[in-house]
Amino acid sequence: MKGQALAIGMVLAAGISMYVTYLSNFDSLRRTQDAYYDRFRFADVFASCKRAPLRIEDRLRAIPGVAAVQTRVVVDVTLDLAAVPEPIRGRLISVRADARPALNDLFLRRGRWIEAGRDDEALVNEGFAVAHGLEPGDRLAALINGRRRSLRVAGHVLSPEYVYVMPPGEVIPDDGRFGVIWMDRRALASAFDMEGGFNDVALRVMPGASSEEIVAQLDRVLRPWGGLGALPRQLQTSHWALDNELKQLQAFGFLVPAIFLGVAAFLLNVAMARTLAVQRPQIASLKALGYSNAAIGWHYVKWALVIALLAAVLGIGAGAWLGSGMITLYNQYFRFPMLLYQLSGGVALTALLIGIAAAALGALFAVRRAVAIPPAEAMRPEPPARYHTSLAERAAVGRRLSHATRMVLRNLERQPWRACASVTGVAFAIGILFFGFIFIDVMDRLAEVQFGHVQRQDLTVSFVEPRSSQALFEVASLPGVMAVEPIRSVPARLRHGHRSRQLAITGQLAAPDLSRVVDVSGQAVTLPAEGLVLSKILGEVLELKTGDLVTVEVLEGARPVRQVAVTALVDDYMGLNAFMEIGALHRLMREGGSLSGAHLMVDPDRMRRLYQRLKATPAVAGIAITAAALQSFREIMAQNFTILTTFNVAFAAIIAFGVVYNAARISLSERSRELASLRVLGFTIREISLILLGELTLVTLLAIPPGLLIGWGLAEFLLLSFQNEFYRLPLVITPQNAAWSALTIMFAAALSGLAVRRRLDRLDLVAVLKTRE
Amino acid sequence: MGASTPAAGTGLVFEARGLTKVYHMGEVEVFALRGVDLDLHEGELVVLLGPSGSGKSTLLNILGGLDVPTSGHVMYHGRDLTEAGEDELTAYRRRHVGFVFQFYNLIPSLTARENVALVTELVERPMDPAQALRVVGLGERLDHFPAQLSGGEQQRVAIARAIAKRPAVLLCDEPTGALDISTGVLVLEALDRVNRELATCTALITHNAAIAAMADRVVRLSDGRIAGIEANAARRSPRELVW
């Protein structure tokens with residue numbers, strides 16, 4: 001049973017290692033997150049406004065439940081790096097030179113803190129600095145209030161607000177395209193007319209206090225000063241991304257190992273049952289001598305526990321190794337001062353216990369049945385197996401089946417449950433593989449839709465302030481611009497009953513060519529002349545259907561509040577979107593043809609000149625480059641999915657190998673006498689191999705359809721659980737993926753079959769002459 | 001002792017000279033055969049008689065191409081079996097040898113007819129499976145599975161399976177060992193009929209001396225050596241045997 005024990009142990013170890021990998025990463029990330037947030041006083045509530053006077057800080061502190069208040073000046077600017085042709089978006093955040101921030105403190109990695117009186121010194125977020133090779137002492141330029149200001153890098157810092165750095169309005173992290181810079185508050189306030197005031201506030205909430213109530217009160221306080229809507233920590237971008245990753249790790253950490261452990265338990269059950277059947281006479285003798293069922297049962301269960309223990313040791317070790325590798329991936333996207341891999345005793349112990357539980361469960365069922373047989377009955381030989389013509393043979397084609405095929409079919413039908421269980425085990429292997437391949441296609445499809453059908457512009461230019469329609473012509477006349485479409489983006493809160501969401505309503509052409517509204521089927525949606533077109537998920541969040549009225553509280557300018565009809569819900573992939581035809585939005589705002597930015601199509605040969613002009617344009621808050629976003633997306637996906645696919649294939653192959661090997665060894669054990677007899681009669685090893693492997697081939701082939709269904713089901717389930725307000729993942733099933741999944745598993749099964757087939761060379765032909773069945 | 005006198009039939013099928021088989025059990029050497037010389041002829045029925053450990057099974061295994069001697073030679077129709085490789089021995093068993101095992105060794109998932117048909121696919125001019133089964137008196141049980149047949153019936157199916165190839169040689173290892181007297185007689189009758197009708201050279205192992213009376217010659221083995229070879233003046237019918 002050594003080979004079988006090894007195969008079962010491998011499946012068990014694979015399941016345990018995946019559990020350890022995912023859960024230890026979850027644990028490490030969670031602990032790091034908690035420690036980081038705690039030590040660096042990460043805020044609980046965030047809000048911004050147009051401009052509020054510092055004197056209202058006391059009112060903020062007086063809000064019930066507020067433990068600490070921090071006001072800041074935060075401004076989005078354009079950064080200019082000599083080595084980078086395009087303008088880069090940046091965010092300037094104020095800090096005091098003489099004290100650490102009360103909330104959202106910074107971890108100083110390199111260099112030093114800014115010095116008092118040094119208006120040009122800056123602390124740069126580490127990711128951005130490393131991406132562009134900015135060392136302490138280097139300089140970079142920022143367009144501050146229309147003037148190009150040279151800033152000197154004092155140090156590299158990390159902030160709990162920017163663990164995950166996403167350029168504004170995007171969902172792909174990219175350290176290089178969004179720089180976060182902390183500067184002396186006085187200098188920043190002076191440059192942006194914020195002396196004696198602030199436009200950003202963060203709050204710490206007392207334990208037990210309600211963040212929702214505090215958010216509501218904060219909005220009330222900030223409303224007169226152009227408050228743009230407060231957010232609790234759960235909706236803060238960086239925290240949300242980290243939390244989402246943690247949830248996924250937890251989900252994966254339970255679901256996938258459960259499959260492996262279930263298969264291992266089944267394999268152990270079958271292997272034990274076979275061993276016990278062979279040892280029936282010995283068990284009978286022991287019982288006759290006076291050994292109890294419990295004593296005999298424990299002897300066999302012990303073996304299962306030994307397998308489990310060894311598998312757990314291997315699995316925990318492998319899981320720790322894989323986990324420490326996985327954490328280095330996280331270090332690339334999540335910026336912590338220190339993200340150390342830690343395998344906690346709790347995770348290791350739980351892994352050990354679940355491995356033992358799975359093995360014990362698998363063994364107990366087989367053992368209980370076997371030891372319960374009365375000794376006299378156990379001493380009698382087992383009744384001969386009863387066979388009958390198989391279902392397939394009763395069809396007309398049955399007459400043409402070879403004897404070997406009939407043997408295979410009848411043997412499978414004689415023990416249908418065992419055959420089903422083997423098929424199910426292999427089906428799960430196919431399912432895991434198929435699911436993994438589907439995920440790759442899902443990401444490809446997302447990229448294709450988002451960057452091929454939705455975002456067809458080369459650039460999106462955002463202005464510091466909304467500008468008149470004249471700006472459209474000015475942008476159109478910039479070097480290299482071949483096409484331009486206006487955008488009017490208005491921050492607003494949409495409210496329906498007790499539900500609300502804060503977002504930006506995007507006004508654009510009814511049927512644009514560049515940035516379009518596209519649904520999951522790839523159809524572009526024409527915006528109606530009036531009313532709101534919302535993402536379907538936004539409709540679900542606000543419990544809105546087409547035709548309903550939604551309250552729009554504009555958070556800009558005159559802050560009108562209007563009732564607007566929802567004219568369509570679009571099932572789209574990314575973001576929580578609200579669109580209006582640009583004219584309709586102008587009417588809602590009671591303004592002329594103003595725009596917040598524009599989508600551009602640009603001649604690639606003149607791109608550099610355009611960048612130079614945009615860098616020098618004070619009115620431009622920033623640009624988003626579609627090609628760069630797509631490249632980031634592909635790089636991240638390529639790296640992640642190469643690793644994930646490798647593991648997926650390896651683990652699925654382990655399951656397939658384990659199940660087929662186990663079935664093959666049991667089949668060989670049950671039929672070695674039969675096969676040896678055939679050898680004596682003159683059958684070659686090749687001919688008897690076909691009989692043995694024919695059964696395994698059939699099991700593998702039968703597993704393909706349910707396996708693909710399992711993969712489909714897993715994909716549906718997990719993609720559904722990944723649906724959120726930032727992105728919805730499309731389910732993409734292709735025949736190529738199905739074929740690859742089936743072929744990979746057939747290859748693994750073939751290898752396992754060949755490993756067993758070698759044992760046919762060692763059949764004892766002499767012994768079989770004397771062996772009773 | 002030594003080479004036998006020619007018995008029924010004419011041609012020499014097997015010519016064994018100096019057959020020795022030694023098993024090494026750790027430091028102990030076990031001599032299963034010690035310099036055995038034996039000839040077997042076409043059409044004769046030979047009983048190999050001896051107690052447990054006398055070497056009769058070892059000798060049968062070597063004649064059947066299942067084992068190779070430590071020293072000595074076995075010629076089958078002039079071909080030296082001891083020089084043959086694995087593939088050649090498989091081909092030899094496939095085309096020339098029919099085996100009957102003590103515990104029948106039928107394929108449990110195939111019917112009687114299918115068990116016989118399985119081996120007829122191995123040779124060029126086999127018997128019809130149904131005909132082979134009729135020879136052994138099982139013409140009415142063609143489509144029964146082994147679990148539906150008695151021990152004697154199963155053994156007769158095994159005999160039909162062995163003869164359906166029209167083998168030159170039929171080797172039977174304790175064919176009645178697992179059967180009661182009356183069933184055993186039925187099986188011996190089948191073997192007797194097959195030997196007489198098909199003129200197959202038949203070697204039959206038994207520890208039951210009563211069975212020796214149905215043979216043309218009886219080879220007595222003891223301690224790995226041929227203790228004696230006797231020719232029966234006349235073969236008795238299996239029905240006349242008493243044990």
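This is a predicted model, so every value here is computed, not measured. Within each chain, residue numbers correspond to sequence positions counted from 1 in written order. Chains and ligands are labelled by the order in which they are written, letters from A for the one and numbers from 1 for the other. Residue-level local features of this predicted model are given only where pLDDT is at least 70; pairs of side-chain atoms are given and counted only at 80 or more, and the full residue set underlies all totals for whole chains, interfaces and linings.

Things to note about the overall build of chain B
Next up, step 1: Counting its regular elements, chain B contains six helices and ten strands.
Next up, step 2: Computed over its C-alpha atoms, the radius of gyration of chain B comes to 17 Å, within 12% of the 18 Å expected for a compact globule of 243 residues.
Next up, step 3: Each of the three principal axes of chain B carries a C-alpha extent, and together these read 50 × 40 × 40 Å.
Next up, step 4: Considering chain B as a whole, with its 243 residues, one finds that 50% of them fall into the buried category.
Next up, step 5: Here the contact rule is simple: place C-beta atoms from the backbone, and any two residues whose C-beta atoms are within 7 Å are in contact. Looking at chain B alone, contacts between residues at least 24 apart form 72% of all its contacts between residues at least 6 apart. Numbering of helices and strands runs from the N terminus; a helix is a DSSP stretch of H or I covering at least four residues, while a strand is a stretch of E covering at least two. The size measure is the radius of gyration over C-alpha atoms, and the globule rule it meets is 2.2 Å times the number of residues to the 0.38 power. Exposure classification rests on a simple neighbour count of other C-beta atoms within 10 Å of a residue's own: a residue reaching 20 or more is buried, one at 12 or fewer is exposed, and one in between is partly exposed. C-beta atoms are placed from the backbone.

Concerning the packing of helix H1 (residues 2–39) of chain A against helix H6 (residues 237–278) of chain A
Residue and element names in this part refer to chain A.
Next up, step 1: The axes are straight lines fitted to the C-alpha atoms, using for helices just the contacting stretch, and the angles between their N-to-C directions are given from 0 to 180°. The geometry of H1 relative to H6 is characterised by a closest axis approach of 8 Å and an angle of 165° between their N-to-C directions. When the axes of H1 and H6 are compared, the pair comes out roughly antiparallel. The interaxial crossing formed by H1 with H6 has left-handed handedness.
Next up, step 2: Taken together, the residues that form the contact of H1 with H6 break down as 24 nonpolar, six polar and one charged. Reported orientations rely on four angle classes, namely roughly parallel under 35 degrees, roughly antiparallel over 145, roughly perpendicular from 65 to 115, and oblique for the rest. By convention, the crossing between two helices is left-handed when the near helix turns anticlockwise from the far helix through less than a right angle, and right-handed when the turn is clockwise. In this classification, the charged set is Asp, Glu, Lys and Arg, the nonpolar set is Ala, Val, Leu, Ile, Met, Phe, Trp, Tyr, Cys and Pro, and all remaining amino acids, among them Gly, are polar.

Here we look at the interface of chain B and chain A
Next up, step 1: With 24 residues of chain B at the interface, the matching set in chain A holds 24 residues.
Next up, step 2: Those elements giving two or more residues to the side of chain B that touches chain A turn out to be helix H2 (86–96) and helix H3 (112–120) of chain B.
Next up, step 3: In terms of residues, the side of chain B that touches chain A owes the most to one element, H3 of chain B, which gives four residues.
Next up, step 4: In terms of residue class, the side of chain B that touches chain A is built from 14 nonpolar, five polar and five charged.

Remarks on the domain arrangement of chain A
Next up, step 1: Annotation comment: domain bounds sourced from an automatic or database domain assignment. What the domain assignment lists for chain A is domain 1 (45–240), domain 2 (415–455 + 627–773) and domain 3 (481–602).
Next up, step 2: Spacing between the C-alpha centres of domain 1 of chain A and domain 3 of chain A amounts to 28 Å.

Considering unusual backbone geometry
Next up, step 1: Residue Arg559 of chain A is not a glycine yet carries a positive backbone phi of 50°.
Next up, step 2: Following the sequence through the fold, Arg559 of chain A ends up in the loop between strand S16 (549–554) and strand S17 (561–570).
Next up, step 3: Within the chain, Ala199 of chain B stands out as a residue other than glycine whose phi angle is a positive 55°.
Next up, step 4: Within the secondary structure, Ala199 of chain B is located in the loop between helix H6 (181–198) and strand S8 (201–206).

A closer look at the sheet that holds strand S11 (residues 231–232) of chain A
Residue and element names in this part refer to chain A.
Next up, step 1: Any two strands between which DSSP finds at least two bridges are classified as paired. Taken together, the four strands give an open sheet; going across it, the order is S2-S10-S1-S11, and neighbouring strands pair in antiparallel fashion. The outermost strands of the open sheet, each flanked by one partner alone, are strand S2 (66–72) and S11.
Next up, step 2: Note: S2 against strand S10 (residues 197–205), six bridges, orientation antiparallel. Looking at S10, one finds that Gln70 is bridged to Ala202.

Let's talk about the sheet that holds strand S6 (residues 97–100) of chain B
Across a sheet, strands are paired by hydrogen bonds formed along the backbone, either parallel or antiparallel in direction.
All names here are of chain B.
Next up, step 1: Spatial strand order, S6-S7-S8-S3-S9-S10: six strands in an open sheet with mixed pairing. The outermost strands of the open sheet, each flanked by one partner alone, are S6 and strand S10 (225–231). Averaged over neighbouring strand pairs, the angle between their axes works out to 20° when direction is ignored.
Next up, step 2: Of the pairings in the sheet, the one linking strand S7 (residues 169–173) to S8 comprises five bridges and is parallel in character. When the sheet's bridge partners are listed, Leu171 is paired in S8 with Ala203.
Next up, step 3: Along the sheet, helix H1 (residues 56–63) makes contact with strand S3 (45–49), S7, S8 and strand S9 (217–222), crossing S8 at roughly 150°.
Next up, step 4: Strand contacts of H6: S3, S7 and S8, with the helix running at about 155° to S8, the strand carrying the most contacts.

Overview of the packing of helix H19 (residues 685–722) of chain A against helix H20 (residues 735–757) of chain A
Residues and elements named next belong to chain A.
Next up, step 1: Contact geometry of H19 with H20 gives a least axis separation of 10 Å together with a crossing angle of 150°. With respect to H20, the element H19 is oriented roughly antiparallel. The element H19 and its partner H20 pack so that their crossing is right-handed. Where H19 approaches H20, its residues Ser689, Leu692, Leu693, Leu696, Thr700, Ile704, Leu708 and Gly711 are matched on the opposing element by Ala738, Ser741, Ala742, Ile745, Met746, Ala749, Gly753 and Arg757.
Next up, step 2: Within the contact of H19 with H20, the residues separate by chemical class into ten nonpolar, five polar and one charged.

Observations concerning the environment of Gly18 of chain B
Next up, step 1: If you trace the backbone, Gly18 of chain B turns up in strand S1 (residues 12–25).
Next up, step 2: When residues no more than four places from it in sequence are discounted, the contact partners of Gly18 of chain B are Gly35, Asp37, Ser71 and Gly72 of chain B.

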